[in-house]
Amino acid sequence: MRDPFYLTDDQRMIRDLARKISRDRLAPTAAHHDETESYPEESMRLLREQGLMGIWVPEEYGGTDLGALAVCLVAEEISWADAAMATNWGATPLGGYPILLAGNDEQKRRYLPRLASGEILAAYSLSEPGAGSDAAGLQTTARRQGDRYVLNGTKLWCSNGSNAGVITLFATVDRSKKARGITAFLIEPGFKGFSVGKKEKKMGIRASPTVALHLEDCEVPVENRLGEEGEGFKIAMRTLDYTRPMTGATAVGVAQAALDAAIAYAQERRQFDQPIAAFQGVQFMLADMAMHVHGARLMVHHVASLVDRGVTGAVLEASMAKCFAGDAAMKVATDAVQVFGGVGYTREFPVERFMRDAKIMQIYEGTNQIQRVIIARELLGA
Ligand code: COS
């Protein structure tokens, strides 16, 4: 595919840097970390050293402030090599973006420079055992006691929760108020009453730790409340509007990797005295896969460009991009396994990993059913 004409020199440069690191250094270790479910420390160190952690952070807080499209370009490149690593990397803007959106100057100065340098990582914790799609139904409570809040509850499915130096965590100060009771807090792992729980054994993105978090009379200083009481749900949703394009880009990366693998294999594999790429049945599959990748990428780039032009509330476009790209990744990765045939079903080739990794793109950051709910609401003005 030809290079997008609309990228700036900075965007092209950061994409090329991410591409080089991903292809040379991340891709060769991806299968190992998937197989062993181990955290790719070395890969994270590389991303940190190359200045890729702070591209979403404003310059005044130590970042390079390259914008939403640059974040998407980097997410795609990392994901092409290793979707679990893209999740590990993306957890920091996901957990850190609420600080940009709603933090006071002191909170920004305390956390953003360390996130920008990669000294600490961030995580975002909204989901609970009984509150997945129905995020406003969360049950973790926060009770104010003098100069602190006391938090109690269990959070689930927190990407990077075991590695983060700060976790943006949502709890309710009044369950009866539903969404309007939800309040955001910045939790540090050393806080009394905080502990990391069970690590999930997952189908895909196995090199990305997904953990439960326990809050047992967890003491959080008042200065670690993000925004006002009751503002947490809007902070959570506005953050997802920003990060869902990044998740879409992660899906595009997996899809492109699957397409590239399928094209190469179709030209190499011979049956009936010719490469299987000579069969129109295979050609049509490749053509459909390429159109899905291209369409998904354009949707991701479009919404990211809107954000970079200062458009707020691009809810419709963000959900469309996340949903379309997630579905595209699942389709393209499944078709790639089909092009490979029997060997595609084995762990000898990466396409089975791409298919397992693609599945989460339809689930996390809001299931694709929830994205369709949001899209329909926007269309209908409901
Ligand atoms: N930006 C700003 N405000 C928003 C918003 C957004 N994108 N989306 C909702 N809000 C506001 C609403 O305007 C409403 O405000 P008021 O109380 O002032 O009217 C409030 O938040 C509640 O919104 P709503 O009534 O739409 O809440 P619902 O309970 O119906 O939930 C969905 C909405 C389903 C969209 C939400 O729960 C959701 O996104 N669920 C998926 C959660 C998710 O993505 N989990 C993954 C976690 S990250 S891995």
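Our structure's up above, just so we're on the same page.
Small disclaimer: the values here were computed from a predicted structure and weren't measured.

Asker: What exactly am I supposed to notice about the packing of aromatic side chains here?
Answerer: Geometrically, a pair of aromatic rings is defined through the distance of the ring centres and the angle of the planes. In the structure shown here, the tally under the stated rule is 8 aromatic pairs. Summarising the aromatic geometry, the rings of F5 and Y6 are spaced 5.1 Å apart at their centres and angled 85° between planes, so their arrangement reads as edge-to-face. Aromatic ring contacts, followed pair by pair, group Y265, F340 and F349 into a single cluster. The ring of W80 has R23 sitting right over it, with the charged end atom 3.7 Å from the ring centre.

Asker: What is the right way to look at the layout of surface pockets in this model?
Answerer: Using a probe with the size of a water molecule, rolled over the atoms, empty space left in the structure can be pinpointed. Taken as a whole, the largest pocket spans an internal volume of roughly 1200 Å³. Lining the largest pocket we find 45 residues, and of these R244, Y364, E365, G366 and T367 sit closest to its centre. Those elements that provide at least two residues to the lining of the largest pocket are α4 (83-102), β1 (122-125), β3 (148-159), α6 (232-268), α9 (351-361) and α10 (368-380). The element best represented in the lining of the largest pocket is α6, accounting for 8 residues. For the lining of the largest pocket, the per-class residue count stands at 23 nonpolar, 13 polar and 9 charged. Of the pockets and cavities examined, the second largest pocket occupies roughly 440 Å³. Taken together, 22 residues form the lining of the second largest pocket, with M1, R2, P4, Q256 and R297 sitting closest to its centre. Of all the secondary-structure elements, those providing two or more residues to the lining of the second largest pocket are α1 (9-36), α3 (68-81), α6 and α7 (280-308). Per-element tally for the lining of the second largest pocket: the top contributor is α7, with 6 residues. A class-by-class count of the residues in the lining of the second largest pocket yields 10 nonpolar, 3 polar and 9 charged.

Asker: Help me out: how do you make sense of the pattern of salt bridges in this one?
Answerer: A side chain with one charge may pair with a side chain of the opposite charge, provided their charged atoms come close. By the definition in use, this model includes 25 salt bridges. With its nearest N and O atoms 3.0 Å apart, the salt bridge here joins R15 to D16. On the basis of relative accessibility, which here comes to 7%, the residue R15 falls in the buried class. Assessed through its relative accessible area of 39%, D16 is described here as partly exposed. Here E76 makes a salt bridge to R297, at a shortest N to O gap of 2.8 Å. Here E76 is found in helix α3, whereas its partner R297 is found in helix α7, with 221 residues between them in sequence. As far as the burial class goes, E76 and R297 line up, both buried. A cluster of three or more residues bridged by salt bridges with shared partners is formed by D34, E37, R206, E352 and R356.

So, how was this worked out
Residues numbered from 1 in each chain as written. Predicted model: local features only at pLDDT ≥ 70, side-chain atom pairs only at ≥ 80, totals over all residues. Heavy atoms only, no water. Phe/Tyr/Trp six-rings, centres within 6.5 Å; stacked < 30°, edge-to-face > 60°. Lys NZ or Arg CZ within 6 Å of the ring centre and 35° of its normal. 1 Å grid on protein atoms, 1.4 Å probe; cavity = no way out; pocket = protein on both sides within 12 Å on 5 of 7 lines; lining within 4 Å. Points joined across faces, edges and corners; volume = space filled by probe spheres on them. Helix = DSSP H or I, 4+ residues; strand = E, 2+ residues; numbered from the N terminus. Nonpolar A, V, L, I, M, F, W, Y, C, P; charged D, E, K, R; others polar. Salt bridge = Lys/Arg side-chain N within 4 Å of Asp/Glu carboxyl O. Buried < 20%, exposed > 50% of the residue type's maximum accessible area, 1.4 Å probe, protein only.

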